[in-house]
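# Chain and residue survey
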Amino acid sequence: MAATIENIFAIIQFGGPLIGGVLALGATVAIPFTRRSDWKKEMKTVRNQGLLWGVIVAPLGTEIVQFILNNIVVGGTSCGF
């Protein structure tokens with residue numbers, strides 16, 4: 001169980017920035033090539049969300065959950081990785 005949780009944290013911690021960065025970069029590159037203003041607005045939203053959730057929230061969230069599992073002790077044992 002602990003190995004599965006550790007693998008999920010690793011996927012979120014390293015996969016989140018990878019996917020978010022690719023989405024943000026793709027949207028940034030696609031903005032000048034789109035003609036319609038509604039698509040440009042949508043691409044800007046994708047770029048901002050990719051940066052926010054992928055690059056900032058995913059690594060920070062995994063660190064917070066890891067801190068909670070390591071330092072908040074339930075029943076006298078911690079779930080340290």
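A brief look at the structure comes next. Quick caveat: nothing in here was measured; it's all calculated off a predicted structure. Counting starts from 1 at the beginning of each chain's written sequence and moves along it residue by residue. Thresholds applied to this predicted model are a pLDDT of at least 70 for local features of residues and 80 or more for the giving and counting of side-chain atom pairs; totals over whole chains, interfaces and linings are not thresholded and use all residues. Each side-chain value is derived from all of the structure's non-hydrogen atoms; neither hydrogens nor water enter the calculation.

### A closer look at the overall build of the chain
- The numbering of helices and of strands both runs from the N terminus, where a helix is a DSSP run of H or I of at least 4 residues and a strand a run of E of at least 2. Along its length, the chain carries two helices and zero strands.
- Contact between two residues is taken to exist if any of their heavy atoms lie within 4.5 Å; hydrogens are not considered. Restricting the contact set of the chain to residue pairs at least 6 apart, pairs at least 24 apart contribute 52%.
- For the accessible areas, the method is Shrake-Rupley and the probe is 1.4 Å, while residue cover comes only from the protein chains on display. Working note: accessible area of the chain is about 6000 Å², and carbon and sulfur atoms make up 71% of it.

### Thoughts on the pattern of salt bridges
- The salt bridge definition used is simple: a Lys or Arg side-chain nitrogen within 4 Å of an Asp or Glu carboxyl oxygen. Inspection of every chain in the model, using the stated rule, returns one salt bridge.
- The partner of R36 in a salt bridge is D38, and the shortest N-O contact between them spans 3.0 Å.
- Each residue is placed in one exposure class: buried if its accessible area under a 1.4 Å probe, protein chains only, is under 20% of its type's maximum, exposed if it is over 50%, and partly exposed if it falls in between. With relative accessibility at 44%, the residue D38 sits in the partly exposed group.

### Overview of the side chain of T34
- Tracing the backbone shows T34 in the loop between α1 (2-30) and α2 (37-71).
- N or O atoms within 3.5 Å of each other form a polar contact, as long as, within protein, one can give a hydrogen and the other can take it, and as long as residues adjacent in sequence are counted only when both atoms are side-chain atoms. Only 3.0 Å separates the side chain of T34 from the backbone oxygen of I31, close enough to count as a polar contact.
- If we ignore the near neighbours within four places in the chain, the residues touching T34 are W39 and K40.

### Structural notes on a nonpolar patch on the surface
- A patch consists of residues whose relative accessible area exceeds 30% and which take part in no salt bridge; residues with like charges are grouped when within 9 Å of each other, and nonpolar side chains (Val, Leu, Ile, Met, Phe, Trp, Tyr) when within 5 Å. Together, L51, L52, W53, V55, I56 and V57 give the surface a local cluster of nonpolar side chains, amounting to about 520 Å² of exposed area.
- Among the structural elements, L52 can be located in helix α2.
- Given a relative accessible area of 37%, L52 falls into the partly exposed group.

### Observations concerning the environment of T62
- Looking at the secondary structure, you find T62 in helix α2.
- A C-alpha to C-alpha distance of 9.9 Å links T62 and F14, two positions 48 residues apart in sequence.
- Excluding anything up to four places from it in sequence, T62 contacts F9, I12 and Q13.

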